[in-house]
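What follows is the residue order along each chain.
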Amino acid sequence: MNALTENLPAPPVASAPAPISKGRLSPFDWFFLPARLAARQLFFDRARLFSAIAGVMFAAVLVFMQLGFRAALFDSATRLYAAMEAELFLMNPLTMASFRPEQVPRIRAHQALALPEVAQAVPVYLTQASWRNPETGAKRAIQLIGFDVEAGAMRFPGLDKISDALRQVDAVGFDVRSRPEFGDIAKKLAEHGPFEVQIGNRMMRLVGLVEIGPSFGADGNLVMSEVNFRRVVRGRDPSNVDLIAIRLVPGADIQAAKERLKALLPGDVMVLTQPELVAHERHYWETATAIGFIFGFGSIMGLIVGMVIVYQILFSDIANHLREYATLKAIGYSNFYLARVVMASALILAVLGFVPGFLASLWMYEFVGAATFLPLGMTWDRTVTVFLMIFGMCAVAGLLAMRKLRDANPADMFS
């Protein structure tokens, strides 16, 4: 006998063993003994074991990266809206995404102030313009965000330090988390202080830094007062804005205020809470683009590849030890017991492959996040989700491989 039949529990003494009731088995007999046999079987052939672990690890890393990219896409796309300090928002119903807004009449902000629970109605301007790299002279599109810096409707990190400077003529703040193609602005600002940059066809003065981060719609951001925004974006009707942030008085009922605003304002605007605004942006990237589908499809393909690898390992292992399985059936072990052995093998492979896959994904999150400036980070819910997916993948492979056990005929031991 080889490792498959070593250290087995004592076989039944009777010549024709009666089936053992599942209810009389202790937890140790029901799970740990098959698991111990499965572990010995797997570790008997180390080369095959390492091949299976590599396959599971590959699947885990691929699923982790696909789900991480997908989450980073949505987080970066909604970061601008999540950073706004307001309870309600007025937006054009035709607006699909923040980088492509439809305009709203500015008068809607004044009309919203008619409600006693509305403390402020802050117009927000969004558009993209060309930015000339001050080091290389290369041009690149950048997102412009204009708003009343005194209203407190934004909570970008670093904004409080430069809010006074942004009130100056032609003053702008640069998003320090923008992609490096815009230039090493933080270093230049630290060495020379505020300096001039070209935005569109106008020279502006960069006075400080904020933290927002790039998205799939914009590689970088600039913040400025609404007056300076109109200086950069010439020819735009000042009576139209892209978004209106509504700040309520402390203690006001958000849902009640939303319903009253919907009843007060005409149909050319829709009233959204901040979670609804974030969900609206997320819905665009989920349904109106192929990016979300691509990442989801990549996760499925990773699981399929891993499942095929695990299936081949388990199937070949059963085939190579078919005589030993037949021997176990001949001395009284049931098909259900042998099935638990195979499923325990699948669980062991899932754990052994998931742990290095998880550690490799942590490193790749750091590396890719630093290279792309996307908010890639490991979360507990994603960790649990991926482990359950990997275990399910191995379990399905085990179920498919167990079909070979039907060929384990006790008569084969005499052939």
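Up top you'll find the structure we're talking about.
Residues numbered from 1 in each chain as written. Predicted model: local features only at pLDDT ≥ 70, side-chain atom pairs only at ≥ 80, totals over all residues. Heavy atoms only, no water.

Asker: Even after reading the chapter, I still don't get the overall build of the protein, so can you show me in this structure?
Answerer: Looking only at helices and strands, the protein features 12 helices and 11 strands. Expressed along its principal axes, the backbone C-alpha trace of the protein runs to roughly 95 × 55 × 30 Å. Residues classed as buried in the protein amount to 47% of the 415 residues present. Once local pairs closer than 6 in sequence are excluded, the contacts in the protein between residues at least 24 apart make up 82%. By element, 61% of the accessible surface of the protein is carried by carbon and sulfur atoms, the whole surface being about 19600 Å². Charged side chains of the protein number 39 positive and 36 negative; the gap between the two group centres comes to 5 Å. (Helix = DSSP H or I, 4+ residues; strand = E, 2+ residues; numbered from the N terminus. Buried < 20%, exposed > 50% of the residue type's maximum accessible area, 1.4 Å probe, protein only. Contact = heavy atoms within 4.5 Å. Areas by Shrake-Rupley, 256 points an atom, 1.4 Å probe, with all protein chains shown as cover. Lys, Arg positive; Asp, Glu negative; His and termini not counted. Charge placed at Lys NZ, Arg CZ, Asp CG, Glu CD.)

Asker: Would you explain empty space enclosed by the protein in this entry?
Answerer: To find leftover empty space, one rolls a probe the size of a water molecule over the atoms. In this structure the tally under the stated criterion is four cavities of 30 Å³ or more. The volume enclosed by the largest cavity comes to roughly 140 Å³. Along the wall of the largest cavity there are 17 residues; nearest its centre are Ser76, Leu80, Ser98, Ser215 and Asn221. Secondary-structure elements contributing two or more residues to the lining of the largest cavity are α2 (46–82), β4 (139–147) and α8 (274–288). Considering every element that reaches the lining of the largest cavity, the biggest residue donor is α2, with four residues. By volume, the second largest cavity amounts to about 50 Å³. Around the second largest cavity, the lining residues are Gln41, Leu42, Leu314, Asp317, Ile318, Tyr325, Val342 and Ser345. Counting only elements with at least two residues in the lining of the second largest cavity, the list comes to α1 (27–44), α9 (291–320) and α11 (335–372). Take the lining of the second largest cavity: its biggest share by element is three residues, from α9. (1 Å grid on protein atoms, 1.4 Å probe; cavity = no way out; pocket = protein on both sides within 12 Å on 5 of 7 lines; lining within 4 Å. Points joined across faces, edges and corners; volume = space filled by probe spheres on them.)

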